[in-house]
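Remarks on the overall topology
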Amino acid sequence: PRPGAVAMQQSGIGPGGRGSWKRRAKQFVGLHLRQVPCVHAVVERLPDRLRFWRRRKYQTIGQDEDGDGAEVEDRRQQTNDIFGRVVVRIAMLCMVGITILIVLRNGNIDTTAEDWAKYMTREQAEHEEFQRDAPLVLYLAAVELLICGACAQTAATMYTRRRHALRHPKEGTEKEKARYIQVRLEKDPHRRGAQLYGLGFRPSSDGLECLLVEDIRPGSLLDLWNQRALRGRGQLQDMAEEVIGAAGGDDAANGQDATVPAARPPERVHPGAAIVAVNHVTADVGMMQLELTKAEVTLWVRSEVYHPSQLESEVLAEPDAIVVPGNGNVEPCPPSELQVQQSQPGAGAGPCGGPGPTFLGRPAFDPEAVAPIVEPDANSGPRCACVLLEDEEPQILVRWLVCSILFGWVTLLPVILMQPHEERPRQHLFRQYLLKPCIIILPLWILLWVLDSFEVMFEVSLLHPFYYFSIVHMIFPAVLIRFLMQLQAADERLVLEQRKIRQAEGAKDHADAQPIAVEDPAPTLLRELICVNPVALVWIGAVASIPLVAFNMLMSVKTERARLAQGFVNMIYAPLIALQVAFMWVLFRVRFIDVPKLYLAAFGLLLSVPCFLVWCCCLMCASRFGRQDMALVERQRLERAKEVYSTRPLRPLAPPTEDDSEIGLSGTRVAEASPASTAEPAAADLVDLTEAMQREWELIYTA
């Protein structure tokens, strides 16, 4: 089994464990929770008592955590934020006005008479139905305004630079430095090219610019640092008790009460923490990962992080994977402690094998409960690093672009208003490929939307529904899809170029840098088209399946992973072409008086049995894509690790001896006369293939 798999299996969170299906279900819910574009802006307005997940002190990596206004603020996203606030207020006013309109219009309808329609002509009955249903359509328009404003505010929140992006943690005040855990690690001088730190992580997305800790390999350098940090805290507590005990005798003689203050909880790096800086690099996930391939690193770690891109990770946190240390705060239990504690007598009395429920939340820290230090296992664990050297992935922005195929300008405008970082070429691609067509399309899109709302409100037909729906929901999305496919191809080329350049720079500057074995970059846009919520997928297929399939087949990609996603896009959306043709035929026959009925019937159709069957087929295709994509990633990592191993043989490390009792964080020494290994190593000795805990069908990265 892979390192850490036994502990995960025992805790029920690994494959086949008692909690594996529960975790998979939570990942599925989290995936579709992220499809709601305004969820973060809505959640931010909820009172703390109504939030059913944990919020803690110093949870945000913000600019002004003390509230004293002394921090430097980033105002690049101010336009998007102001636009979002204004649009949200307009949407609220529209909803109030529509509610008054419903009361005035429907108050004159006698709903008690069962046969009231018998005494009306057909035209009068249709007019009454229009008057009854029109306010509901106007409510949908107000909701679209609300979504647009919420997306704009969320984009401004995501891409506003945090404190660590404006200033390196080491340049802050002593009070600011105290909020970080500074970790210094150094590899063995003789094995620097074949020894990892034991850090499992995944890069953040959408402006957070951090490395989120997912796993710490037992027996690694980082695990050793954690063990020594725990033991060091225990020794400091013993010294404090001796000093206070000596002073307590004098206090007792004077009639004073001598109390021992509670020990601080041990500072350690645990899953869920955020690495905000590596060496001198901060707020650049690509360069931070390149620094992790060096022989000496200094990590600046924050215990917690709160960001719109991590919303579902916090809401759907696994309660079985947390412990309550001495300060009463909830923290994850590192896998290394999980294994050590389960091997101790009496383990299992409490969460993660720690003390029983009687001791949960107690402020005291017992140094006797700290497990003995376990030195790194010299010959275990992967030898090749798996790191991404490109810029952060804009997952939520791409998801909004997919939603704009259906909602149009509502989710497209916040993406265009986002001010890109001047040193992040991946963020500049949105304006580079979408700004020019949006200058022409967006004004027409908004004008037609206002015109349709005006028609529904005053029951005036200015444009036939067939022309309106064809232009707004088919022609404009087709133009947008063409540029989205160009953006996807350009993003793939940019990522491959960044990897090539940065890996060459790392090899040139550091001859003993860690060898890297990593898979192809993820096709973000194609993946979102496949894994989008099934309700939205059916709608997108009904209005844009023809251009999607056509432009997807014409798009040229370079990686095997992108070609796999291309095939699944064709497989999912090609059958939906029949649905788009049927929708066009319905639009050709619909009258203006039936427009409100058409909107409401579309929602009712989604609850029908045929649509439910289509949803099931879409979910099956998305699940199959996830499995095949993860299998492809595992195969590419192993193949590329074996290629590195064939050109760069790895020497086994010598076991520790009695002379190595004072080993530092550099691990054990190398056997002086060990020949180069010629046998092909196992997969676990080449590269890590551990699945991520907070993402479905994704593997973690290791250094």
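These numbers were taken from a predicted model, which means no experiment stands behind them. Sequence order as written defines the numbering, with residues in each chain counted from 1. Since the coordinates come from a predicted model, pLDDT governs what is reported: local features require at least 70, and pairs of side-chain atoms require 80 or more to be given and counted, while whole-chain, interface and lining totals use all residues. Each side-chain value is derived from all of the structure's non-hydrogen atoms; neither hydrogens nor water enter the calculation.

A word on the overall build of the protein chain
Helix and strand labels come from DSSP, where a helix needs a run of H or I of at least four residues and a strand needs a run of E of at least two; each type is numbered from the N terminus. Each helix and strand counted, the protein chain has 21 helices and nine strands in total. The proportion of buried residues among the 703 residues of the protein chain is 54%. Any two residues whose heavy atoms approach within 4.5 Å at even a single point are treated as in contact. Counting only contacts in the protein chain whose residues sit at least 6 apart along the sequence, the fraction spanning at least 24 positions is 81%. For the protein chain, the computed accessible surface area is about 32,300 Å², with 60% contributed by carbon and sulfur atoms. Under the scheme applied here, a residue whose accessible area is under 20% of the maximum for its type counts as buried, over 50% as exposed, and between as partly exposed, the area being computed with a 1.4 Å probe on protein chains only. Where accessible areas are quoted, they stem from the Shrake-Rupley method and a 1.4 Å probe; at the residue level, only the protein chains shown are allowed to cover.

Details of the confidence of the model for the protein chain
Think of pLDDT as the predictor's per-residue confidence, scored from 0 to 100. On average, residues of the protein chain score 76 in pLDDT, and 66% of them are at 70 or above. A low-confidence stretch, residues 258–266 stays under pLDDT 50, and its non-local contacts, those more than four residues away or across chains, total 21 contacts.

Re unusual backbone geometry
Positive phi is not limited to glycine here, since D206 has a value of about 60°. As for its position among the elements, D206 is in the loop between β2 (199–203) and β3 (211–216).

Side note on the pairing of β3
Among the six residues that make up β3, six are buried, leaving the element largely enclosed by the rest of the structure. In terms of strand pairing, β2 meets β3 through five bridges, oriented antiparallel. Looking at β3, one finds that G200 is bridged to D215. Note: β3 against strand β4 (residues 274–278), two bridges, orientation antiparallel. When the sheet's bridge partners are listed, L212 is paired in β4 with A274. Strands are labelled as partners when DSSP assigns at least two bridges between them.

Comments concerning the pattern of salt bridges
What makes a salt bridge here is a side-chain nitrogen of Lys or Arg within 4 Å of a carboxyl oxygen of Asp or Glu, nothing more. With the rule as written, the count across this model stands at 23 salt bridges. Across the salt bridge formed by R167 and E176, the nearest N and O atoms sit 3.0 Å from each other. With a relative accessible area of 31%, R167 lands in the partly exposed category. Residue E390 is joined to R499 by a salt bridge in which the shortest nitrogen-to-oxygen separation is 2.9 Å. Remark: R499 occurs in helix α15 (residues 465–509) and E390 occurs in the loop between α11 (335–342) and α12 (395–407); sequence separation between them is 109 residues. In terms of burial, E390 and R499 fall into one category: buried.

Focus on α12
If you check α12, its first and last C-alpha atoms are 18 Å apart, about what 13 residues at 1.5 Å a residue would give, namely 18 Å. The element α12 is largely enclosed, with a buried count of 12 among its 13 residues. Those residues of α12 that fall on the buried side of the exposure criterion are Q395, I396, L397, V398, R399, W400, L401, V402, C403, S404, I405 and L406. Summarising the contacts, the buried residues of α12 are in contact with α5 (122–159), α13 (409–417), α14 (425–458), α15, α16 (524–531) and α17 (534–554). G408 sits one or two positions beyond α12 and adopts a positive phi of about 70°. In this analysis, the expected span of each helix is defined as 1.5 Å times one less than the number of residues it contains.

Here we look at the side chain of D223
If you trace the backbone, D223 turns up in helix α8 (residues 221–253). Within 3.5 Å is the distance limit for a polar contact, defined as a pair of N or O atoms, with the added protein rule that one can donate a hydrogen and the other accept it, and that residues adjacent in sequence qualify only through two side-chain atoms. Among the polar contacts listed, one links the side chain of D223 to the side chain of Q227, at a separation of 2.8 Å.

What to know about the pairing of β2
Among the five residues that make up β2, five are buried, leaving the element largely enclosed by the rest of the structure. Burial of β2 is two-sided: the residues L199, F201 and P203 facing one way and the residues G200 and R202 facing the other way are all buried. Of the strand pairs in this sheet, β2 and strand β9 (residues 701–702) are connected by two bridges, and their pairing is antiparallel. Its bridge partner being in β9, F201 is matched across the sheet by Y701.

Here we look at the environment of A536
With respect to the secondary-structure elements, A536 resides in helix α17. Taking C-alpha positions, A536 is 9.8 Å from I405, a pair spaced 131 residues apart along the chain.

Overview of the packing of α5 against α12
The contact between α5 and α12 brings their axes to 12 Å, and the two run at 165°. Taken together, the axes of α5 and α12 lie roughly antiparallel to each other. Where α5 crosses over α12, the two elements pack in a sense that is left-handed. Residues E144, C151, T154, A155, M158 and Y159 of α5 lie in contact with α12, whose contacting residues are I396, L397, W400 and F407. The residue inventory of the contact of α5 with α12, partitioned by class, reads eight nonpolar, one polar and one charged. Note on method: axes are straight lines fitted to C-alpha atoms, helices fitted across the in-contact stretch only, with angles between N-to-C directions ranging 0 to 180 degrees. In this scheme, roughly parallel covers angles under 35 degrees and roughly antiparallel covers those over 145, while 65 to 115 is roughly perpendicular and the rest are oblique. Crossings are sorted by hand: turned counterclockwise from the far helix by less than a right angle, the near helix makes the crossing left-handed, and turned clockwise it makes it right-handed. Charged means Asp, Glu, Lys or Arg here, nonpolar means Ala, Val, Leu, Ile, Met, Phe, Trp, Tyr, Cys or Pro, and polar covers whatever is left, Gly included.

Remarks on the packing of aromatic side chains
Classification of ring pairs rests on two measures: the distance between centres of Phe, Tyr or Trp rings, Trp counted by its six-membered ring, which must be within 6.5 Å, and the angle between planes, read as stacked under 30 degrees, edge-to-face over 60 and tilted in between. One pass over the full model with this rule turns up 11 aromatic pairs. A ring pair is formed by F466 and Y467, whose centres lie 5.7 Å apart and whose planes are at 75°; its orientation type is edge-to-face. On the basis of relative accessible area, F466 is assigned to the partly exposed category, the value being 21%. Connected via pairs of aromatic rings, a cluster forms that spans F466, Y467 and F588. Taking NZ or CZ as reference, R482 lies 5.1 Å from the ring centre of F483, over its face. Across from the ring centre of Y701, 4.9 Å away, lies the NZ or CZ of R637, which sits over that ring. In this scheme, Lys NZ or Arg CZ marks a charge over a ring once it lies within 6 Å of the ring centre and within 35 degrees of the ring normal.

Description of the packing of α12 against α16
Two numbers describe a pair of packed helices, the interaxial angle and the distance between the axes. Interhelical geometry of α12 versus α16 gives an angle of 55° and a closest axis separation of 9 Å. Overall, the two elements α12 and α16 adopt an arrangement that is oblique. Crossing handedness for the pair α12 and α16: right-handed. Along the contact surface, α12 presents Q395, V398, R399, V402 and I405, while α16 presents T524, L525, R527, E528 and L529. Residue composition of the contact of α12 with α16, grouped by class: five nonpolar, two polar and three charged.

With respect to the nonpolar core
Within this scheme, the nonpolar core is defined by two criteria: the residues are buried Ala, Val, Leu, Ile, Met, Phe, Trp, Tyr or Cys, and they are joined through side-chain atoms within 4.5 Å. W409, L412, L434, W445, L529, I530 and Y573 are the most contacted members of the largest nonpolar core, which has 91 residues in total. Broken down by element, the residue count for this core peaks at 14 residues, all from α15. Leaving out residues up to four positions away in the same chain, L412 has contacts with L401, S404, L434, C438, L442, W445 and L480. Core analysis: the next-biggest nonpolar cluster, separate from the first, contains 46 residues, L199, M288, I516 and L686 among them.

Section: the state of the cysteines
Criterion for a disulfide: a pair of cysteine sulfur atoms at a distance within 2.5 Å. One pass over the structure, following the stated rule, counts zero disulfides. Of the cysteine sulfurs around C617, a residue in no disulfide, the closest is that of C621, at 6.8 Å.

A short note on a nonpolar patch on the surface
Each patch is built from residues that are more than 30% exposed by relative accessible area and take part in no salt bridge. Like charges join if they lie within 9 Å; nonpolar side chains (Val, Leu, Ile, Met, Phe, Trp, Tyr) join within 5 Å. Taken together, L435, I439, I440, L444 and L447 make up a surface patch of nonpolar side chains, about 480 Å² in accessible area. Following the sequence through the fold, L447 ends up in helix α14. Assessed through its relative accessible area of 55%, L447 is described here as exposed.

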